[in-house]
Amino acid sequence: MSEDAPLIVSISGIRGLVGRSFTDRVVAEFSSAFASSLSPGAAVVLARDTRPSGVDFAGVAAHALCAAGCRVYDLGACPTPAAKLMVCTLGAQGAIIITASHNPAPWNGLKLVREDGIFLNAEQAARVEAIYRSGRFRQQSGGAVETVDFADVGKEHLDRLLSHIDAEAIRRSHIKVAVDPCNGTGGLFLPRLLEALAVEAHFINGEPNGEFAHEPEPIPANLLQLGQAVRSTHSALGFAIDPDADRVTLVDSSGNAVGEDSTLALAVQAVTARQPGPVVTTLSTSQAVSDAARANGCPVSLTPVGEVHVVEKMLEEGAAIGGEGHGGVVLSTIDPGRDAAVGIALVLEAMARGGQSLEEQLATLPHYAIEKRKTQSNRQQLQRALDALLARYPQAYVHPVKDGSKLYINGELACPWVHLRASNTEPVVRIIAEATSSAEAQALCDEVEGLLEA
């Protein structure tokens, strides 16, 4: 392992470069550590995304879990949201999901799930990591593997989702869409969902073989192919899905990316209009999400970046909806975490119930420009840049929730703001700025990049 091939262990799980920092040994020992943190004889769900390396890693994980006496429910290739739902359905004590989510093809990783279908929080993850570092793993007989047919998993997921959305309104709307699952697990489930909703769907890169047709993170730079598919099929909009199907971003009818945060903003606007209640999102999420909630009289809580932070706060607040601005929508009545299928269904429902196009729906939201960048800076540079930024803007309000620092430049909880933090999933520092114009957001990011390089 080296600085250019780190093993990243964070609130978002374990990730590394296959064959370098992420190896059979890492998978075996983290799987053994996770099993050792559970009760003897625990049932554990095992799933993976479609990356080719995941097949062998799943075998390694299953062997380690069995050696610790676990009963393993092997789902094979499966969307992360469905795997988490099956933890609850099968009464398991947890899950290991082999995925690097949005990271590029050379990466893979592990997401660890507890018995309520929610990712491990910081304390729970630290306990597993401590066992991993110690090398003291439980060895016990009685381990076994049971294969679970994805048809059963998909039915459970579909039934739960259809029971919590206005499926009839979507069916009556006769919407045509284009979908790019990027050869990930979305290709296993989304055709079934859209068929059930009577949506005419045109798929590109739909074969779930893990041979990503483009960089897998669903950000505007990677949505050109989807934009072309929307235009060529005369679709109303396009959906881009990440490889483990927990994030979805949108392309409008002209084939233009509309920004990752729009998915959550539209979902929040729709849900809080009919079910008022608290909303939870992260420090890095667009102000448009908070504005959409407050327009319907709903309070908003911000958390550090990381799905578990959002979901645990949702449970604490009894939230109606939550999520992260990168296209991750959480409706806990359906499943206990981000779910691309939920995001798709809520956007379609909002369009159908309002009788509006995506562009008309977006026009009901406040308009902000958000700029997202990442740099190879280290944590020392990060702290120096934060100190320098505060010195330049002494009037800025620093949000009390800590995850790096979020500064509201004018001293009020409004744009412009900038959030500077170390990534949970890559060896980079992330810079997110939002303002009322692209020029201002870009200028803020340029300023921070200059401070990081100073």
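Everything here concerns the structure above.
As the structure is a prediction and not an experimental result, all values here were calculated from the model.

A.B. asks: Hey, could you run me through the sheet that holds strand E4 (residues 71-77) in this one?
C.D. replies: Paired through their backbone hydrogen bonds, the strands of a sheet run either parallel or antiparallel. The mixed open sheet is built from 7 strands, whose spatial order is E1-E2-E6-E5-E3-E4-E7. The open sheet has two free edges, formed respectively by strand E1 (8-10) and strand E7 (144-147), since each of these has just one partner strand. Adjacent strand axes in the sheet meet at a mean angle of 20 degrees when their direction is disregarded. Across 5 bridges, strand E5 (residues 94-98) lies against strand E6 (residues 107-114) in antiparallel orientation. The residue of E6 that forms the bridge with Ile97 is Lys111.

A.B. asks: Teacher, can you tell me more about the pairing of strand E8 (residues 176-180) here?
C.D. replies: Regular strands show a simple pattern: their side chains alternate between the two faces of the sheet. Taken across its 5 residues, E8 has 4 buried, putting it largely inside the fold. What joins E8 to strand E9 (residues 200-203) is helix H7 (residues 186-196), and the crossover it makes is right-handed. In terms of strand pairing, E8 meets strand E10 (residues 237-241) through 4 bridges, oriented parallel. Bridge assignment links Val177 to a residue of E10, and that residue is Leu237.

A.B. asks: Where do I start with the layout of surface pockets in this structure?
C.D. replies: One number sums up the size of the second largest pocket: a volume of about 490 Å³. If you go around the second largest pocket, you meet 21 residues; those closest to its centre are Arg379, Ala422, Glu426, Pro427 and Val428. For the lining of the second largest pocket, the elements supplying multiple residues, two or more each, are E1, helix H14 (379-392) and strand E19 (417-422). In the lining of the second largest pocket, the residues fall into 8 nonpolar, 7 polar and 6 charged.

Calculation rules
Residues numbered from 1 in each chain as written. Predicted model: local features only at pLDDT ≥ 70, side-chain atom pairs only at ≥ 80, totals over all residues. Heavy atoms only, no water. Pairing = 2+ DSSP bridges. Helix = DSSP H or I, 4+ residues; strand = E, 2+ residues; numbered from the N terminus. Axes fitted to C-alpha atoms, helices over the stretch in contact; angles between N-to-C directions. Buried < 20%, exposed > 50% of the residue type's maximum accessible area, 1.4 Å probe, protein only. Right-handed = clockwise from strand over helix to strand, strands pointing away. 1 Å grid on protein atoms, 1.4 Å probe; cavity = no way out; pocket = protein on both sides within 12 Å on 5 of 7 lines; lining within 4 Å. Points joined across faces, edges and corners; volume = space filled by probe spheres on them. Nonpolar A, V, L, I, M, F, W, Y, C, P; charged D, E, K, R; others polar.

Honestly, that's just the spatial picture; any functional story needs more than this.
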